[in-house]
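One-letter residues, chain by chain:
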Amino acid sequence: MNNFIFQNPTKLVFGKGQIAKLTELLPDNINLMLTFGGGSVTKNGVYDQVKEALKGRNFIEFWGIEPNPRVETLRKAVKMGKENNINYLLAVGGGSVLDGTKLIAAGIATDTEPWEIVKGGVAKEQIPFASVMTVPATGSEMNGAAVISREETQEKYGFFGTYPQFSILDPEVTYSLSPYQIACGLADAFTHVLEQYMTTPGQSRLMDRWAEGVLLSVKEIAPGIKHNPHDYDLMSDYMLSATLALNDFIRMGITQDWATHQIGHELTALHGITHGHSLAIAMPGTLRILKEQKKGKLLQYGERIFNITEGTEDERVEKAIEMTEQFYRSLGLTTRLSEEGIGMDTIETIASRFNDRGDAFGENSNVTGDVTREILISCL
Ligand code: NZQ
Ligand code: ZN
């Protein structure tokens, strides 16, 4: 196990009716701005619950943070926040609203141009913020990451160092999600674990078992959720799995991959494919092309997650990759670029972007533009 420092400062407030706790969770005497997406919270009762909990407090509202939040929109929120001396933000929405709010928090705290903050990779200062999370998927509610898009240049990058003070997770708010949103959320959570797990075996038994626990839970609940998306216990496990999949806990002292996410972000930036869906396409490709490098872990994963115990090592590795693709398909997602009308043009664009920037992703820093081309060709 490698040396590491672990610190996750976010308080998690989980369960039915917990949005009502907002007023006691927020400090007194703050200048508060609420941030929202396009209006889903007004249809499912979340906005009313928030308003009720904040009765007697003053606050302003910023609406219109879109899925795959754009810096062009967030600049307006930073301006509004600065003009109103805002010193605390509350994000009410999915990962996009919260990620956008993380950039707004950093933008208000400094004079640095928001896109420069993103490109800098780490936000050094920010005003405090919290969330009412309405989509189980990104883990943004309990991690320090935010992923921001720039419309002008069709780019999408993450930056780090921004944890919410607290996040409220009420599984009942997920009842209004569409089957496609749920499929993408489950795919995102599953892939987050794979990004931290699917490297080399033998680094930490504890991290392996913990990651496998989340993978098995997601695999176990997915069919039930498809048939009964209003089952409180299933949705609770889904929501908490998404948080635990990316809140730093399963990656202590181990190497990580994340090449699939880099590739997925490009597919989203260029074609608008929903984040979790982009991963369902890219992850099986990453495994196909890097199967030798990841062989030991693929064998362990195949046995422990999909009960693959028969055949030669090569056959078991192939089977594990096939079962992974099948799992994404079982959620209701396509897993091939051709099914989304994406072809060689896009593959070449992504490969040249990575090559031009000198990118080399993955646990061995060997997923260059050329390797990405191979990965994406295997996804056609
Ligand atoms: O905008 P509104 O009207 O609120 O509608 C949203 C949006 O259209 C709707 N929605 C949200 N909660 C709902 C709901 N609809 C019905 N019922 C509810 N309870 O869902 C749509 C999508 O929401 P979005 O926030 O985009 O989804 P998600 O939470 O999956 O976030 C995706 C974004 O997070 C980034 C992705 O790249 C993408 O930009 N990620 C962030 C990460 C992080 N911060 O650590 C890691 C991830 O890997 C990911 O990259
Ligand atoms: Zn993700």
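Parameters and conventions
- Residues numbered from 1 in each chain as written.
- Chains lettered and ligands numbered in written order.
- Predicted model: local features only at pLDDT ≥ 70, side-chain atom pairs only at ≥ 80, totals over all residues.
- Heavy atoms only, no water.
- Near = heavy atom within 4 Å.
- Polar contact = N/O pair within 3.5 Å; in protein donor to acceptor, adjacent residues only side chain to side chain.
- Areas by Shrake-Rupley, 256 points an atom, 1.4 Å probe, with all protein chains shown as cover.
- Helix = DSSP H or I, 4+ residues; strand = E, 2+ residues; numbered from the N terminus.
- Nonpolar A, V, L, I, M, F, W, Y, C, P; charged D, E, K, R; others polar.
- Expected span 1.5 Å × (residues − 1).
- Buried < 20%, exposed > 50% of the residue type's maximum accessible area, 1.4 Å probe, protein only.
- Arc of directions from axis to C-beta.
- Contact = heavy atoms within 4.5 Å.
- Pairing = 2+ DSSP bridges.
- Axes fitted to C-alpha atoms, helices over the stretch in contact; angles between N-to-C directions.
- Phe/Tyr/Trp six-rings, centres within 6.5 Å; stacked < 30°, edge-to-face > 60°.
- Lys NZ or Arg CZ within 6 Å of the ring centre and 35° of its normal.
- Domains from an automatic or database assignment.
- Buried area = accessible area lost by both parts, 1.4 Å probe.

### Regarding the site of ligand 1
Part 1 of the argument: The local shell around ligand 1 holds 32 residues, among which Ser40, Gly95, Ser96, Lys156 and Gln181 are the closest.
Part 2 of the argument: Contact distances for ligand 1 include 2.5 Å between an oxygen atom and a side-chain N or O atom of Ser96.
Part 3 of the argument: When the free accessible area of ligand 1 is taken as 960 Å², the share hidden by the protein chains comes to 87%.
Part 4 of the argument: If you list the elements that add at least two residues to the shell around ligand 1, you get helix H5 (95-109), strand E6 (146-150), helix H7 (179-197) and helix H10 (259-271).
Part 5 of the argument: Per-class residue counts for the shell around ligand 1 are 10 nonpolar, 19 polar and 3 charged.

### With respect to helix H4 (residues 71-83)
Because an α-helix completes one turn every 3.6 residues, residues spaced three or four positions apart along the sequence face the same direction.
Part 1 of the argument: The terminal C-alpha atoms of H4, which comprises 13 residues, lie 18 Å apart, in line with the 18 Å expected from a rise of 1.5 Å per residue.
Part 2 of the argument: Turning to H4, its buried residues number three or more, namely Val71, Thr73, Leu74, Ala77, Val78 and Gly81. Summarising the axial view, the buried residues of H4 lie within an arc of 150°, below the 170-degree limit, and thus occupy one face. Exposed and oriented more than 90 degrees from the buried face of H4 are Lys76, Lys79 and Glu83.
Part 3 of the argument: If you follow the buried residues of H4, they end up packed against strand E2 (32-36), strand E3 (59-62), H5, helix H6 (114-120) and E6.
Part 4 of the argument: A positive backbone phi angle near 50° is found at Asn85, which sits one or two residues after H4.

### Let's talk about the sheet that holds strand E5 (residues 129-133)
Part 1 of the argument: Spatially, the 6 strands line up as an open sheet ordered E1-E8-E5-E4-E2-E3, and their pairing is parallel. The strands lining the two open edges of the sheet, one partner per strand, are strand E1 (11-14) and E3. The sheet shows a mean angle of 20° between the axes of neighbouring strands, taken without regard to direction.
Part 2 of the argument: As judged from the 5 bridges shared by E2 and strand E4 (residues 88-93), these two strands associate in the parallel manner. Paired with Phe36 across the strands is Val92, a residue of E4.
Part 3 of the argument: Contacts between H4 and the sheet are confined to E2 and E3, with E3 contributing the most and set at about 165° to the helix.

### Points about the pairing of strand E7 (residues 155-159)
A regular strand places its side chains so that they alternate between the two faces of the sheet.
Part 1 of the argument: Burial of E7 is extensive: 4 of the 5 residues sit out of reach of the surface.
Part 2 of the argument: Inspection of the sheet shows E6 paired to E7 by 5 bridges, in the antiparallel sense. By the bridge assignment, Arg150 is partnered in E7 with Glu155.
Part 3 of the argument: From the end of E6 to the start of E7, which pair antiparallel, there are 4 residues, and Gln154 there has a positive phi angle of about 50°.

### What to know about the packing of aromatic side chains
Part 1 of the argument: Applying the stated criterion across every chain yields a total of 12 aromatic pairs.
Part 2 of the argument: Each ring, one from Phe190 and one from Phe327, has its centre 4.4 Å from the other, and the planes form 35°; the classification is tilted. Pair noted here: Phe190 is in helix H7 and Phe327 is in helix H13 (residues 313-331), with a separation of 137 residues, a long-range link. Comparing Phe190 with Phe327, the two get one shared label, buried.
Part 3 of the argument: The interplanar angle of 55° and the centroid separation of 6.3 Å between the aromatic rings of Tyr197 and Tyr301 together place this pair among those described as tilted. Of the two residues, Tyr197 is situated in helix H7 and Tyr301 in helix H12 (residues 295-306); the sequence distance between them amounts to 104 residues.
Part 4 of the argument: By the ring-pair criterion, three or more aromatic residues cluster together here, those being Phe6, Trp210 and Phe249.
Part 5 of the argument: Note that Lys16 overlies the ring of Tyr232, its terminal NZ or CZ placed 4.4 Å from the centroid.
Part 6 of the argument: The positively charged end of Lys297 is found above the aromatic ring belonging to Tyr197, 4.3 Å away from the centroid.

### Concerning the domain arrangement of the protein chain
Part 1 of the argument: Here the domain parsing of the protein chain yields domain 1 (11-172) and domain 2 (178-377).
Part 2 of the argument: Just the C-alpha atoms count here: the centres of domain 1 and domain 2 sit 27 Å apart.
Part 3 of the argument: Each partner contributes to the interface: domain 1 provides 24 residues, whereas domain 2 provides 23 residues.
Part 4 of the argument: Here domain 1 packs against domain 2, burying approximately 2000 Å² in sum over the two surfaces, 60% of which is carbon and sulfur.

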